[in-house]
Amino acid sequence: NQSIMVQHEKLASIGQLAAGVAHELNNPLGFLMSNNNTLKRYFDRLETAWNEVTGAGRELGFDAARVEKLRRAFEDSRSIFEESIEGFERMARIVSSLKNFSRSSSGQEFVDFDLNGGIESTLVVAWNEIKYVSEVRKNLGQIPLIKAIGGEINQVVLNILVNAAQAIGGADEERKGHIDITTRLEGDSVLLSIRDDGPGITPAHLTKIFDPFFTTKEPGKGTGLGLSISYDIITNRHGGRMWAESEPGHGAAFFISLPVSGPPAENA
């Protein structure tokens, strides 16, 4: 219907937004990494020259204290370069994940999709919502590529992850919660489960969570992609199954089963 079509258009626009952010970050990151590598080469040459001069016992006019300060400066500088390289590599991985997330979101065709890779990319996008309230434990199994619209699956996973993080964060507990993500092959389908140890879902709400427009969130909370839209994407678009289990006080679990070969011809 019309509301579902509007939501699908939103998915594409979110993908374009992620692509734009990745592109804007990629350019300055590229020259920062290049400049850092160049500076490190210059530094290595200076340190080599310094070691040659001091190793030859030449008179430099420096007292012992100043020589020791310079030695420590060289040591500290090596650590700074190593930390900078590690930081740039982490930034590059985030940009790569954003690009993968957006690349999947840009298409509307059923193509080979790496669900485990999609989960990894989506975790990067959702990390700011998750990292302060929960630890993530992954058990991603050996599963084949599936025929799917990757961007839509990523959005469903993002929605469930953000819901889980907000449920844990809203429990007003000091401890960090846990989100467990598992994938495995079951017959001719792959099964994804996302389980949290938040407050859980009441039986009354559990029967309604996939109903259109049902929400327990305040305005402005969540991803804007309701569980009813997620359910439509999985069941109607992809020919899969989606369900939830919960016991109040003991967290909630969402399960998604997707056929490896994609939906029946009439769904695609």
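Computed from a predicted structure; not experimentally measured.

(A) Here's a closer look at the overall build of the chain. Each helix and strand in the chain was counted, giving 6 helices and 7 strands. Starting at the N terminus, the α and β elements of the chain follow one another as α-α-β-α-β-β-α-β-β-α-α-β-β. Across the 268 residues of the chain, 35% fall into the buried class. Long-range pairs, those at least 24 residues apart, make up 75% of the contacts in the chain between residues at least 6 apart in sequence. When the accessible surface of the chain is split by element, carbon and sulfur atoms take 52% of a total near 15,500 Å².

(B) Highlighting the layout of surface pockets. Taken as a whole, the second largest pocket encloses approximately 470 Å³ of empty space. Along the wall of the second largest pocket there are 14 residues; nearest its centre are Ile94, Leu123, Val124, Val125 and Trp127. Of all the elements in the fold, those that place two or more residues in the lining of the second largest pocket are helix 2 (64–106), helix 3 (115–130) and strand 2 (134–140). No other element matches the 7 residues that helix 3 contributes to the lining of the second largest pocket. Residues of the lining of the second largest pocket, tallied by class, amount to 6 nonpolar, 3 polar and 5 charged.

(C) Focus on the packing of aromatic side chains. The tally for this structure, following the rule as stated, stands at 6 aromatic pairs. Ring geometry for Phe43 against Phe74: centres 5.6 Å apart, planes inclined by 50 degrees, an arrangement best described as tilted. Remark: Phe74 occurs in helix 2 and Phe43 occurs in helix 1 (residues 2–55); sequence separation between them is 31 residues. Of the residues examined, Phe43 reaches a relative accessible area of 9% and is grouped as buried. Look at Phe210 and Phe254: their rings are 6.4 Å apart centre to centre, the planes differ by 85 degrees, and that puts the pair in the edge-to-face class. Of this pair, Phe210 sits in the loop between helix 5 (203–206) and helix 6 (227–237) while Phe254 sits in strand 7 (residues 252–259), and the two are 44 residues apart along the sequence. In this structure Phe254 comes out as buried when scored by relative accessible area, which is 9%. Members of the aromatic cluster, connected to one another through ring pairs, are Phe43, Trp50, Phe74 and Phe81.

Rules and cut-offs
- Residues numbered from 1 in each chain as written.
- Predicted model: local features only at pLDDT ≥ 70, side-chain atom pairs only at ≥ 80, totals over all residues.
- Heavy atoms only, no water.
- Helix = DSSP H or I, 4+ residues; strand = E, 2+ residues; numbered from the N terminus.
- Buried < 20%, exposed > 50% of the residue type's maximum accessible area, 1.4 Å probe, protein only.
- Contact = heavy atoms within 4.5 Å.
- Areas by Shrake-Rupley, 256 points an atom, 1.4 Å probe, with all protein chains shown as cover.
- 1 Å grid on protein atoms, 1.4 Å probe; cavity = no way out; pocket = protein on both sides within 12 Å on 5 of 7 lines; lining within 4 Å.
- Points joined across faces, edges and corners; volume = space filled by probe spheres on them.
- Nonpolar A, V, L, I, M, F, W, Y, C, P; charged D, E, K, R; others polar.
- Phe/Tyr/Trp six-rings, centres within 6.5 Å; stacked < 30°, edge-to-face > 60°.

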